Amino acid sequence: KKRIAVTGVSRTPGTHGSNAVYQRLRARGYEVFAINPNTEVVEGDRSYHDLKSVPDGVEAVVIGTRPEIAEATMRECVDLGIGYVWMHRSFGAGSVSDAATEYGRTQGIKVIDGGCPLMFDPTADLGHKAMRFVFTRTGRVPKKV
């Protein structure tokens, strides 16, 4: 998918993994939209308060917020007809919510519940590939997407 929203992109870029995902997708030529209800601008780009505010919608969403917010985001994806959602996780719980995963899948959304889009080509880098190698062996990241 080429039109992707990333939730949880922060005003302070060094503090959040969503910013790295947002930057890399943008650098690789994706049309990417930052979602942050608390600001109008992140990474020098316009930020949207929610998914429904993105002009012409998106095809996919990367959830990079706390897990307790993920279910509401998944419900918004269902309401908007967004068919692909990735809940970011490298260390700890990340953004993964079992309730959001279950709800999304029962509604027909293709859900990836763990890992990081930067672990997989065409956005991968060596460090993320190394993390993917380790995390796929522990079951925290899918072997392929």
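Counting from 1, residues in each chain are numbered in the order their sequence is written. The model is predicted, so local features are restricted to residues of pLDDT at least 70 and side-chain atom pairs to those at 80 or more, both for listing and for counting; the totals for chains, interfaces and linings are taken over all residues. Working from all heavy atoms in the structure, the side-chain values ignore hydrogens and water.

Undergrad: Which parts of the structure should I look at to understand the layout of surface pockets?
TA: Over the atoms, a rolled probe matching the size of one water molecule traces out where space is still vacant. Definitions used for this entry: grid spacing 1 Å over protein atoms alone; cavity, a set of points where a 1.4 Å probe fits but cannot get out; pocket, an open set with protein on both sides within 12 Å along at least 5 of 7 lines; lining residue, one with an atom within 4 Å of a point. Grid points are joined across faces, edges and corners, and a volume is the space filled by probe spheres set on the points. Taken as a whole, the second largest pocket encloses approximately 310 Å³ of empty space. As for the second largest pocket, its lining consists of 19 residues, of which Thr7, Gly8, Pro37, Thr65 and Ile69 are closest to the centre. When residues are sorted by character, Ala, Val, Leu, Ile, Met, Phe, Trp, Tyr, Cys and Pro go into the nonpolar class, Asp, Glu, Lys and Arg into the charged class, and all the rest, Gly among them, into the polar class. Residue composition of the lining of the second largest pocket, by class: 6 nonpolar, 10 polar and 3 charged.

Undergrad: Teacher, can you tell me more about the environment of Gly29 here?
TA: Secondary structure follows DSSP: runs of H or I at least 4 residues long count as helices, runs of E at least 2 residues long count as strands, and numbering of each begins at the N terminus. Within the element layout of this structure, Gly29 appears in the loop between α1 (17–27) and β2 (31–35). Among the residues examined, Gly29 registers a relative accessible area of 52% and is labelled exposed. Sequence spacing of Gly29 and Lys2 is 27 residues, and the spatial spacing of their C-alpha atoms is 8.2 Å. Here the term buried applies to any residue with accessible area under 20% of the maximum for its type, exposed to any over 50%, and partly exposed to those in between, with areas from a 1.4 Å probe on protein chains only.

Undergrad: Before we go on, may I ask you to explain helix α3 (residues 98–106) in this structure?
TA: Note on helix geometry: an α-helix contains 3.6 residues per turn, so any two residues three or four positions apart are oriented the same way. Here α3 has its buried residues at Ala100, Thr101, Tyr103 and Gly104. Positive backbone phi, at 90°, marks Gly108, one or two positions downstream of α3.

Undergrad: How do you make sense of unusual backbone geometry when you look at a structure like this?
TA: With phi around 55°, Glu43 is a residue other than glycine that occupies positive phi space. Relative to the assigned elements, Glu43 resides in the loop between β3 (41–42) and β4 (45–48). Look at Asp56: it is not a glycine, yet its phi comes out positive at around 65°. Note that Asp56 resides in the loop between β4 and β5 (60–63).

Undergrad: Explanation requested: the nonpolar core in the structure shown.
TA: Soluble, globular proteins show a tendency: their nonpolar side chains are buried together. For our purposes a nonpolar core is just a set of buried Ala, Val, Leu, Ile, Met, Phe, Trp, Tyr and Cys residues, chained together by side-chain atoms within 4.5 Å. In this structure, Leu51, Val58, Val61, Met74, Cys77, Val85 and Met87 are the most contacted members of the largest nonpolar core, which totals 20 residues. Contributions of two or more residues to this core are made by β2, β5, α2 (67–80), β6 (84–87) and α3. Here, two residues are considered to be in contact whenever any of their heavy atoms come within 4.5 Å of each other. Discounting chain neighbours no more than four positions away, the residues touching Leu51 are Ala5, Ile35, Val61, Thr73, Glu76, Cys77, Leu80 and Ile82. Among the nonpolar cores identified, the runner-up in size contains 17 residues, and Ile4, Val9, Leu25 and Val62 belong to it.

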